[in-house]
Amino acid sequence: MSDVLLRAGRVIDPSQGLDGVRDVLWRDGRIAALDTDLSTHPQARGVPVVEARGLVVTPGLLDIHVHFREPGQTAKENIVSGAECAARGGFTSVVCMPNTKPAIDDPAAVGLVRERARAACVRVFVTGAITKDIAGEELAPIGALHRAGVVAITDDGRCVQNADLMRRALEYSRMYGLTVMDHCQEYALVQEGVMHEGYWSTVLGLRGWPAVGEDAIVARNILLARMTGTPIHCQHISSRQSVELLRQARAEGVPITGEACPHHFTLTDAAVAGSDKFWPEDGASLFAARLMPEAERPRWPAYDTHFKMNPPLRSAADRAAVVEGIRDGTLDILSSDHAPHCNYEKDVEFDFAPFGILGLETELGISLTELYHAGHLPLPRLVELFTARPAALVSLKAEETGTSLGRIEVGGPADLTLIDVDREWTYDVKRTASKSANSPFHGWRLKGKAVATVCRGRVVWSEWDKLPTEAKP
Ligand SMILES: [Zn+2]
């Protein structure tokens, strides 16, 4: 079933201000028509008809921040398994971070990832490093990386400390129209911190990663973006002060953007102290908690390393500020920071475990639960944060059509996500497509999920019997 007439779904495409019941027809991997009634459309003749009433149909969702660990760490994940996670989560395009082993800091590494991406079931784009080996000392060959096909540069996982080097990176990338992203972490302030510095780090005796360590780099980036006139995208914003800095800078017209990850607007540092501390403290304000009677809520002990990520889970006030930043548009991109690690790496003392958690399979469900059902965002706005906004930041194009992703347009690729916004489901990490299982959301009850993912006109994942997954070629 490669050609489909999808009838009467609620089509939401924020790029064209569309939210209404429409038919969508795709043929040969491309959108052939989009209108209120395509039953008599000449191109629909002989095409299988699938009724989608009750489902939401959106442009294929984009996630511009994932770690697929290839090359070098394929025991954790590889491009094919990572792409499978993306498809299950409703994502048709993802952007990989360059902190692989070796780092993606030269054209050969870019070529390798792009070659491997051909075997993936969704579109996998790649970023290049800002500095050689992500060491923060010498610029990577930004022009050559651009020619090799990176869609942005970032030292994610690390942060360029030298402000002058960052300035040069901005000036070079500007010549190529290349997006610059930054993981905001001031090393001198963060030192060896492993969790948010505050009440719980003191109680638990863990070294603190203070919010000011993020804020200081966000402030620097605002100044550099203003000075150079070159946009900077601040990745995974977690602190209240960072949200405030970005809000003010954006109001003043500084070309700066920020993104938020589901764990930062759902969990707090109390989770590191264990479920008995987290649920009573913060559970009440979580929509997900309402879906889970107290006895059914997942339990975990203190020092569970599935709650260790970088930047760390922060205070309840920080979490509320991230939600407010999403509500008012200060943070207008959502991403997973999908960061797989093997069980043996995570199953150690909190201090020694690597930072990071899985994200692609739970990202949409958590966002629908905690932002849409909780009443913080209307649905079209939420869809925008997964489609039109990231597409405006990073130029992602369908190779076969040359058209921009993140929108549904006739002649463009048939990349679509079908969402049942009211379906309640429980995340079971034992059934993940990832090679890793490091999710703090195992056993969580969520409301809303992607039921089918279509990429290049192929159903790459489905749990909707009307549109079964197509056999792999
Ligand atoms: Zn990062």
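Looking at the environment of T92
No. 1: Relative to the assigned elements, T92 resides in strand β7 (residues 91–96).
No. 2: With 40 residues separating them in the primary sequence, T92 and A52 have C-alpha atoms 19 Å apart.
No. 3: Once residues within four sequence positions are removed from consideration, T92 is found in contact with G60, L61, V122, R123, D415, T417, T453 and C455.

Structural notes on the packing of helix α7 (residues 212–228) against helix α8 (residues 240–251)
No. 1: Viewed as axis vectors pointing N to C, α7 and α8 meet at an angle of 15°, and their least axial separation amounts to 9 Å. In this view, α7 runs roughly parallel relative to α8, as classed from their interaxial angle. Crossing handedness for the pair α7 and α8: right-handed. Contacts between α7 and α8 pair E214, D215, V218, A219 and I222 from the former with Q241, S242, L245, L246 and A249 from the latter.
No. 2: A per-class count over the contact of α7 with α8 returns six nonpolar, two polar and two charged.

Quick notes on unusual backbone geometry
No. 1: Backbone torsion omega between E70 and P71 reads 10°, so that peptide bond is classified as cis.
No. 2: Within the fold, P71 resides in the loop between β6 (61–66) and α1 (79–89).
No. 3: The linkage connecting K101 with the following residue, P102, adopts the cis geometry, with an omega of 0°.
No. 4: In this fold, P102 is placed in the loop between β7 and α2 (107–117).

Notes on the sheet that holds strand β8 (residues 123–126)
Two orientations exist for strands paired in a sheet by backbone hydrogen bonds: parallel and antiparallel.
No. 1: Overall, parallel pairing links the three strands, which are arranged β6-β7-β8 in an open sheet. Strand pairing shows two members of the sheet lacking a second neighbour, β6 and β8, which therefore form its edges. Between one strand and the next, the sheet's axes are offset by a mean angle of 20°, whatever the strand orientation.
No. 2: Relative to β7, β6 is paired through four bridges, and the arrangement is parallel. Residue pairing across strands places L62 opposite S93, the latter belonging to β7.

Structural notes on the pairing of β6
No. 1: For β6, the buried fraction is high: six of the six residues fall into the buried class.
No. 2: Chirality of the crossover, the property in question, places the unit of β6, α1 and β7 among those that are right-handed.

Re the sheet that holds strand β14 (residues 256–260)
No. 1: The five strands are arranged β9-β10-β13-β14-β15 in an open sheet whose pairing can be described as parallel. The sheet is open, and its two borders are formed by β9 (152–153) and β15 (333–334), each paired with just one other strand.
No. 2: Docked against the sheet, α7 engages β10 (179–182), β13 (232–234) and β14, running at close to 165° with respect to β13.

Observations concerning helix α4 (residues 163–176)
An α-helical turn contains 3.6 residues, so any two residues separated by three or four positions project in the same direction.
No. 1: With 14 residues, α4 should reach 20 Å at 1.5 Å per residue; the first-to-last C-alpha distance of 20 Å fits that figure.
No. 2: Turning to α4, its buried residues number three or more, namely M166, A169, L170, Y172 and S173.
No. 3: Here the buried face of α4 lies against α3 (142–148), β9, β10 and α7.
No. 4: Looking one or two residues past α4, G177 carries a phi angle of roughly 65°, positive in sign.

Quick notes on the environment of G412
No. 1: Relative to the helices and strands, G412 resides in the loop between α16 (388–393) and β16 (416–426).
No. 2: The spatial distance from the C-alpha of G412 to the C-alpha of C121 is 18 Å, given a sequence separation of 291 residues.
No. 3: Here G412 is in contact with R30, I31, A398, T401, T403 and R407, once residues within four sequence places are set aside.

As for the environment of H41
No. 1: Along the chain, H41 falls in the loop between β3 (30–35) and β4 (49–51).
No. 2: Here the alpha-carbon distance between H41 and L25, two residues 16 residues apart in the chain, equals 9.3 Å.
No. 3: Setting aside chain neighbours within four positions, we find H41 in contact with L25 and A33.

So, the packing of α4 against α7
No. 1: Interhelical geometry of α4 versus α7 gives an angle of 45° and a closest axis separation of 10 Å. Of the possible angle classes, the one that applies to α4 and α7 is oblique. At the point where α4 passes α7, the crossing takes the right-handed sense. On α7, the residues touching A163, M166, R167, L170, E171 and R174 of α4 are R220, L224 and T228.
No. 2: Classifying every residue of the contact of α4 with α7 by side-chain character gives four nonpolar, one polar and four charged.

Comments concerning the nonpolar core
Here is a general trend for soluble globular proteins: nonpolar side chains tend to be buried in one another's company.
No. 1: Counting residues in each nonpolar core, the largest one holds 124 residues, and the members touching the most others are V24, C96, V122 and I153.
No. 2: Examining the composition of this core, we find that six residues originate from one element, α7, more than from any other.
No. 3: Not counting the four nearest positions on each side in its chain, V24 is found in contact with L6, G9, V11, I31, L34, V57, I408 and L416.
No. 4: Core analysis: the second largest hydrophobic core is formed by 14 residues, V194, A270, F278 and F307 among them.

Observations regarding helix α12 (residues 316–327)
No. 1: The end-to-end C-alpha separation of α12 is 16 Å, in line with the 16 Å expected for twelve residues at 1.5 Å each.
No. 2: Against the buried residues of α12 lie α8, β14, α9 (262–266) and α14 (363–373).
No. 3: Positive phi shows up at G329, right after α12, with a value of about 90°.

Conventions we followed
- Residues numbered from 1 in each chain as written.
- Predicted model: local features only at pLDDT ≥ 70, side-chain atom pairs only at ≥ 80, totals over all residues.
- Helix = DSSP H or I, 4+ residues; strand = E, 2+ residues; numbered from the N terminus.
- Contact = placed C-beta atoms within 7 Å.
- Axes fitted to C-alpha atoms, helices over the stretch in contact; angles between N-to-C directions.
- Parallel < 35°, antiparallel > 145°, perpendicular 65-115°, else oblique.
- Left-handed = near helix turned anticlockwise from the far one by under 90°.
- Nonpolar A, V, L, I, M, F, W, Y, C, P; charged D, E, K, R; others polar.
- Pairing = 2+ DSSP bridges.
- Buried ≥ 20, exposed ≤ 12 C-beta atoms within 10 Å, placed from the backbone.
- Right-handed = clockwise from strand over helix to strand, strands pointing away.
- Expected span 1.5 Å × (residues − 1).
- Core = buried A, V, L, I, M, F, W, Y, C linked by C-beta atoms within 7 Å.

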